[in-house]
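Structural overview for review
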Amino acid sequence: MVALVSCSEEEFLNEVPVDLYTAENVYSNPSGIESVLTNFYVRERFIYYQGFGDISFTLLYGTDAFFSSRGTGTTEKIGALQTSLSPSTYPSEFFYQENFKIVAAANLLIDNVNKSALSPEQKTAVIAESKFFRAKAYRDMVYLYGGVPLVIEFSAEPVYDRVRATRTEILNQMEIDFRDAADGMPSIDKVKDGRVSNIVASFYLGETLMSLGRPADAVTEISKVINDPNVGLMKGRFGARATASGKDVFWDLWQRGNQNRASGNREALWVCQFETDVPGGAIVSTNKIANLLERHHVPAVWTLQDPDGKPGFLGKRSNDNVGGNGVSFLQPTAYTSNSSDMPGGGIWPANYLGDMRCNDNNFIKDYVYDNPASAFFGKKGSQFRAKNTGTGIGTPLEVANAGGWRFYPWFVKATTPGDHPVGLIDPANPLLLSNAAGSTYHDMYYLRLPEAYLLRAEAYLAAGNTALAAADINEVRSRAGATDVAPGDVNIDYILDERTREINLEEQRHITLRRVGKYGERVVKYNWLTGPTYEPKYDLFPIPQREIEANNGAVLEQNPGYN
């Protein structure tokens, strides 16, 4: 195992060298075990929000919702699928190897705790949390790779004869682990912010039961989440900037300090913790080193010239006009960004009216030239955008309507406008950011309550009850001020659309689409860049070639279609 971690109030994510610990002093007392448990959270954060280079947001690129806007893509920024998904490319290796590290750590902890002198109650709690992370790792792998080796026992020696279990066998083990986790972990009001609880395990158990074809059982588990008295959708202004004029509750959900229950946020179920300038907290106030969602998703507005070819902007600014230090990598597809009255249509209501998630607080669709030296100072770019297409990549419609890759509509949840750390701001020019900007300085949601409503709607739909499915969807839509959907209009594609409206940039979209068997269909329909490269083999990631070669005692089979 890599670095273990202590878990005092301010040191929840402090890394500690593994060689300070032995099995005798780690697994025989609660504080040592707590350090090992905390390492699961460090690893989960690493997979989704740190990674190596740009790998962390790979599962957003190359989907129906987002594309790689600066060319055909790279191995991490999935564009052309043959570029990114081969047995030797980074994505196939990263998500397989990092998740199996979690499996190995969980098996090691369970084995040692079972042999320890802890009380039965202590053992139950530790094993439950360990099983949650083992099941969560297998959850990500089974939807990305299909069946993988099923390893639920600790081995002190290397094993070179692993074989793949079936998808159903993996799902069955996930059901066991998530159920044990739900039964053995504390309730959400009893855990620290950032810690998983029994209802988080119930959510993933319900999702697993859906994949096993048991929607009625899934409804039972997901209802435990929705009906928990400690949670609820946020419907009124709250948190650190609740008095900000003209904003709304959806905007509040993304302000610094507002993601955790301590802020009054009752819909946060599981939140990835970042601490600025705290050892182990992953981000710093003076440079971009982790959680680079601002850098990826926000367009390079600050690079735009005015229609006369002169600088249109003063630079990188901490506001929702420029959005910080974006570099235009992760662009919404037309499906994600367009309103229904635009050519080809989109998921938002006509003229973007009637849904707070696409209003001007939360979804930036235009910009204003902010350089006083420009003849166009104070004018909206939409008046001139056809003349300012830049040199970007895009379909003709996207280039004409959105100015190439230098500007496209973007979601404010990716950054912290007006609230970047002071270490990034020029003291002589308030809101002007240094080149070191690019991180997103708020905690990130692994799971919010709206996703539970949408998952239960999916379960009701699978059970043939479109009325209850619509009722759950309308709980989410009502908070956003959107009109109700009629039961007759509910299908799996509508639910996927609603997920995009509500939890874009939060959910790992590749996993969702593969889980419901819709990846190929929707990427071909909506992603002009990735869709033409789709083949059925890309419904699954390839098994890493180095894993196949190292497993020389048995045949670790490759997924069909990959060489």
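What this report covers is the structure whose coordinates are included nearby. (Residues numbered from 1 in each chain as written. Predicted model: local features only at pLDDT ≥ 70, side-chain atom pairs only at ≥ 80, totals over all residues. Heavy atoms only, no water.)

A separate point is the pairing of strand S10 (residues 444-448). Consecutive side chains along a regular strand alternate between the two faces of the sheet. A large share of S10 lies buried, amounting to 5 of its 5 residues. By the bridge criterion, 4 bridges tie strand S4 (residues 268-272) to S10 in an arrangement that is antiparallel. Bridge pairing in S10 links valine 271 to tyrosine 445. (Buried < 20%, exposed > 50% of the residue type's maximum accessible area, 1.4 Å probe, protein only. Helix = DSSP H or I, 4+ residues; strand = E, 2+ residues; numbered from the N terminus. Pairing = 2+ DSSP bridges.)

On inspection of all chains with the given rule, the structure shows 39 aromatic pairs. Across from the ring centre of phenylalanine 329, 4.4 Å away, lies the NZ or CZ of lysine 77, which sits over that ring. Stacked on the ring of tyrosine 445, the Lys or Arg arginine 448 has its end atom at 5.4 Å from the ring centre. (Phe/Tyr/Trp six-rings, centres within 6.5 Å; stacked < 30°, edge-to-face > 60°. Lys NZ or Arg CZ within 6 Å of the ring centre and 35° of its normal.)

What follows deals with the packing of helix H13 (residues 449-462) against helix H15 (residues 492-503). The relative placement of two packed helices comes down to the angle between their axes together with the axis-to-axis distance. H15 packs onto H13 with a crossing angle of 180° between their chain directions and a minimal axis gap of 10 Å. One element, H13, and the other, H15, form an angle in the roughly antiparallel class. Contact residues: H13 offers Pro450, Glu451, Leu454, Ala457, Glu458 and Leu461, while H15 offers Ile492, Ile495, Glu498, Arg499, Glu502 and Ile503. In terms of residue class, the contact of H13 with H15 is made up of 7 nonpolar, no polar and 5 charged. (Axes fitted to C-alpha atoms, helices over the stretch in contact; angles between N-to-C directions. Parallel < 35°, antiparallel > 145°, perpendicular 65-115°, else oblique. Contact = heavy atoms within 4.5 Å. Nonpolar A, V, L, I, M, F, W, Y, C, P; charged D, E, K, R; others polar.)

Within the secondary structure, serine 84 is located in helix H3 (residues 81-84). Setting aside residues up to four positions removed in sequence, serine 84 forms contacts with Thr74, Thr75, Lys77, Ile78, Gly79, Thr89 and Pro91.

In an α-helix there are 3.6 residues to a turn, and that puts residues three or four apart on one side. Between its terminal C-alpha atoms helix H7 (residues 198-211) stretches 20 Å, which fits the 20 Å expected from 14 residues at 1.5 Å a residue. For H7, a buried count of 14 out of 14 residues is recorded, marking the element as mostly surrounded by other parts of the structure. At the C-terminal side of H7, glycine 213 shows a positive phi close to 75°. (Expected span 1.5 Å × (residues − 1).)

In the structure shown here, the tally under the stated rule is 46 salt bridges. Residue glutamate 498 pairs with arginine 501 through a salt bridge whose shortest N-O separation is 2.8 Å. Taken together, the residues span about one helical turn, with glutamate 498 and arginine 501 both in helix H15 at a distance of 3 residues. For the pair formed by glutamate 498 and arginine 501, the shared burial category is buried. Among the charged side chains, a network of salt bridges with common partners joins Glu267, Asp355, Arg357, Lys413, Arg448, Arg477, Arg479, Glu498, Arg501, Glu502 and Glu506. (Salt bridge = Lys/Arg side-chain N within 4 Å of Asp/Glu carboxyl O.)

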